[in-house]
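Each chain, letter by letter, is given below.
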Amino acid sequence: MNNVPDAEGVLVFAEQNNGLVHPVSFELLGKGRDLADRLGVKLSAALLGHGVHKEALELVYYGADVVYVFDSPFLSMFDPVQYAKNLVRLVTETRPAIFLLGATRLGRSLAPRVAAALRTGLTADCVDLDLDENGNLVQVRPAFSGNIMAQIKTKTRPQMATVRYKVMKANARDPRRKGKVIVKEPEVLSDTGIQILEKTAVGGVNLAEAEVVVSGGRGLKSPGDIALLKELAKELGGVVGSSRPLVDAGWISRDHQVGFSGHTVKPRVYVACGISGSPQHLFGMRDSDVIIAINKDASAPIFNVADYCVVGDIYEIVPLLVQELRKLKAVKNLDERK
Ligand SMILES: Cc1cc2nc3c(=O)[nH]c(=O)nc-3n(C[C@H](O)[C@H](O)[C@H](O)COP(=O)(O)OP(=O)(O)OC[C@H]3O[C@@H](n4cnc5c(N)ncnc54)[C@H](O)[C@@H]3O)c2cc1C
């Protein structure tokens, strides 16, 4: 579908997991709605899975005009070949000008296969999307280690982009919205070369969903000191994050890394302990609601984005915070027992 002049409309891939739509899809619909309205075109969503009809309406409530549902037991688990085959067919049939997917693990595996089959360009890991004066999609993504924001346009159609989770805003759910749900007959390949034996949960931390993140950086002196952060995270009901050097040193696993080459987080509270605030780190956390930074260097760049700046040693401040939080909890427990 290279250079198709009559391509029109915005299509969003609605990722689902165990039959529930992933929130990144609602965020894409929020941005997709804005783009579609400005272009005066329809916003569609493609939902693939098994027993997912109920979720199709959710996509309408979050902004879709049309939802294409592909429902089959063969689509219940993510097989990139089956999924790509059906999406390529849908895109060829409906000719959207813009096609958006989440930059999740699943989206990152699926999007390049679809783009290659459609012989179109793909901009990965976008953090913003806009339109130029001619209605072409302007895809914004960090480049040169996150030091600049590149604006990329695709000459071919559809203009495909994957978008990072937690960087776009979903519209408010509106159950009065009306849309069309179109059930498509899935094309199922008998042998994709992939046999899915079982699905096992990957342990580790879910940074993207956390309400509180307590992150540590090179201000820590040894891997054992991560226990300090764990204690504070526990008291605040949060999880532990980190800057990249701790991951590179093997002190903590990569799923804890916040930043350009790690996760984007938007918690209610982000506590940065001994982190300088490099552009690559700020990229992943600067949209947090409240940022508390603890650093012994008053000129550390992290203080430029922090709401609360604590100039001090993490080895003094963090234990004090833990102690105070425990005291507060003890008082609260006493009050509740009265
Ligand atoms: C392509 C690329 C991708 C990258 N991606 C990422 C990414 O995703 N995430 C990321 O974090 N980085 C990333 N980086 C690395 C980034 O450039 C920085 O090197 C890194 O963020 C610095 O980590 P830091 O703040 O922990 O360490 P430093 O910059 O060394 O800062 C340590 C801070 O701790 C303070 N400190 C020291 N001791 C104490 C103490 N006892 N108490 C209080 N404060 C103390 C110091 O004053 C200093 O400000 C990337 C780099 C590149 C090139």
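Values in this document were obtained by computation on a predicted structure and should not be read as measured data.

The rules we used
Residues numbered from 1 in each chain as written. Predicted model: local features only at pLDDT ≥ 70, side-chain atom pairs only at ≥ 80, totals over all residues. Heavy atoms only, no water. Pairing = 2+ DSSP bridges. Helix = DSSP H or I, 4+ residues; strand = E, 2+ residues; numbered from the N terminus. Axes fitted to C-alpha atoms, helices over the stretch in contact; angles between N-to-C directions. Contact = heavy atoms within 4.5 Å. Buried < 20%, exposed > 50% of the residue type's maximum accessible area, 1.4 Å probe, protein only. Salt bridge = Lys/Arg side-chain N within 4 Å of Asp/Glu carboxyl O. Near = heavy atom within 4 Å. Polar contact = N/O pair within 3.5 Å; in protein donor to acceptor, adjacent residues only side chain to side chain. Nonpolar A, V, L, I, M, F, W, Y, C, P; charged D, E, K, R; others polar. Parallel < 35°, antiparallel > 145°, perpendicular 65-115°, else oblique. Left-handed = near helix turned anticlockwise from the far one by under 90°. Disulfide = S-S within 2.5 Å. Domains from an automatic or database assignment. Buried area = accessible area lost by both parts, 1.4 Å probe. Core = buried A, V, L, I, M, F, W, Y, C linked by side-chain atoms within 4.5 Å.

A separate point is the sheet that holds strand S15 (residues 269–273). Spatial strand order, S14-S13-S15-S16-S17: five strands in an open sheet with parallel pairing. One side of each edge strand has no neighbouring strand; the edge strands of this open sheet are strand S14 (239–242) and strand S17 (308–311). Each strand of the sheet is rotated relative to its neighbour by a mean of 20 degrees, with strand direction disregarded. Across the sheet, helix H5 (residues 226–236) is in contact with strand S13 (212–216), S14 and S15; its angle to S13 comes to roughly 165 degrees. Across the sheet, helix H8 (residues 314–337) touches S15, strand S16 (290–295) and S17, and the angle it forms with S16 is around 135 degrees.

Here three strands make up an open sheet; going across it, the order is S8-S9-S10 and the pairing antiparallel. Looking at the sheet topology across the chains shown, the edges are occupied by strand S8 (128–131) and strand S10 (148–152). Averaged over all neighbouring strand pairs, the angle between strand axes comes to 30 degrees, with direction disregarded. Bridging between strand S9 (residues 137–143) and S10 involves five bridges; their strand directions are antiparallel.

Within a regular strand, side chains alternate between the sheet's two faces. S9 sits mainly inside the fold: five of its seven residues count as buried. Looking at chain direction, S8 and S9 are connected through four bridges and run antiparallel. When the sheet's bridge partners are listed, Asp128 is paired in S9 with Val140. The antiparallel pairing of S8 with S9 creates a hairpin that spans five residues between the two strands, and Gly135 there sits at a positive phi of about 80 degrees. Turn length for the S9-S10 hairpin, with the two strands adjacent in sequence and antiparallel, is four residues, and the turn residue Phe144 shows positive phi of about 50 degrees.

Turning our eyes to something else, we now look at the pattern of salt bridges. Enumeration over the complete set of coordinates arrives at 23 salt bridges. The residue Arg38 makes a salt bridge to Asp34 at a minimum N-O spacing of 3.4 Å. Taken together, the residues Arg38 and Asp34, both in helix H1 (residues 23–39) and four residues apart, mark about one turn of the helix. For Arg268, the salt bridge is made with Glu211, and the minimal N-O distance between the two is 2.8 Å. In this pair, Arg268 is assigned in the loop between helix H6 (244–248) and S15 and Glu211 in the loop between strand S12 (180–184) and S13, connecting sequence segments 57 residues apart. Several salt bridges converge on common partners, so that one network encompasses Lys31, Asp34, Arg38, Asp128 and Asp130.

Right, let's get into the environment of Lys234. Of note, Lys234 is situated in helix H5. The exposed category is assigned to Lys234, whose relative accessible area is 64%. Separated by ten residues in sequence, Lys234 and Gly224 place their C-alpha atoms 16 Å apart.

So, about the site of the ligand. Looking at the ligand, there are 26 residues lining it, with Arg218, Ser243, Ser261, Ser276 and Asn295 nearest. The side chain of Asp313 places a nitrogen or oxygen atom 3.0 Å from a nitrogen atom of the ligand. Ile314 places a polar main-chain atom, nitrogen or oxygen, 2.9 Å from a nitrogen atom of the ligand. Each residue belonging to the shell around the ligand can be placed in one class, and the counts come to six nonpolar, 15 polar and five charged.

Moving on, we get to the packing of helix H3 (residues 80–94) against helix H4 (residues 105–118). Close contact between H3 and H4 brings their axes to 9 Å; oriented N to C, the two are set at 45 degrees. By the angle class used here, H3 and H4 are oblique. Like other packed secondary-structure pairs, H3 and H4 cross with a definite hand, here right-handed. Contacts from Pro80, Val81, Tyr83, Ala84, Leu87, Val88, Val91 and Thr92 in H3 reach Ser109, Leu110, Arg113, Val114, Ala117 and Leu118 in H4. Of the residues that constitute the contact of H3 with H4, the class distribution is eleven nonpolar, two polar and one charged.

As enumerated under the stated definition, the model contains zero disulfides in all. Residue Cys309 stays outside any disulfide, its sulfur separated by 13 Å from that of Cys273, the closest cysteine. On the accessibility criterion, Cys309 (44% relative accessible area) is partly exposed.

This part covers the domain arrangement of the protein. Partitioning the protein into domains gives domain 1 (10–184) and domain 2 (207–337). The C-alpha-based centres of domain 1 and domain 2 are spaced at 33 Å. The interface is formed by twelve residues belonging to domain 1 together with 13 residues belonging to domain 2. Across the interface of domain 1 and domain 2, roughly 1,000 Å² is buried in total on both sides, 50% from carbon and sulfur atoms.

On to the environment of Val212. By the secondary structure assignment, Val212 is in strand S13. Sequence-wise, Val212 and Leu236 are 24 residues apart; in three dimensions their C-alpha atoms are separated by 6.9 Å.

The subject of this paragraph is the nonpolar core. Taken as a class, soluble globular proteins show a tendency for nonpolar side chains to be buried jointly. In this structure, Val10, Leu29, Leu47, Leu59, Val67, Leu100 and Leu129 are the most contacted members of the largest nonpolar core, which totals 32 residues. Listed by contribution, the elements that provide at least two residues to this core are strand S1 (10–14), H1, strand S4 (43–49), helix H2 (53–61), strand S5 (66–71), strand S6 (98–102), S8 and strand S11 (159–163). If you tally residues by element for this core, the top one is H1, at five residues. Dropping the residues within four chain positions of it, Val10 is found in contact with Gly32, Leu35, Ala36, Val41, Lys42, Leu43, Ser44, Ile98 and Leu100. Of all hydrophobic cores here, the second largest spans 23 residues; its members include Val66, Ala84, Phe99 and Leu110.

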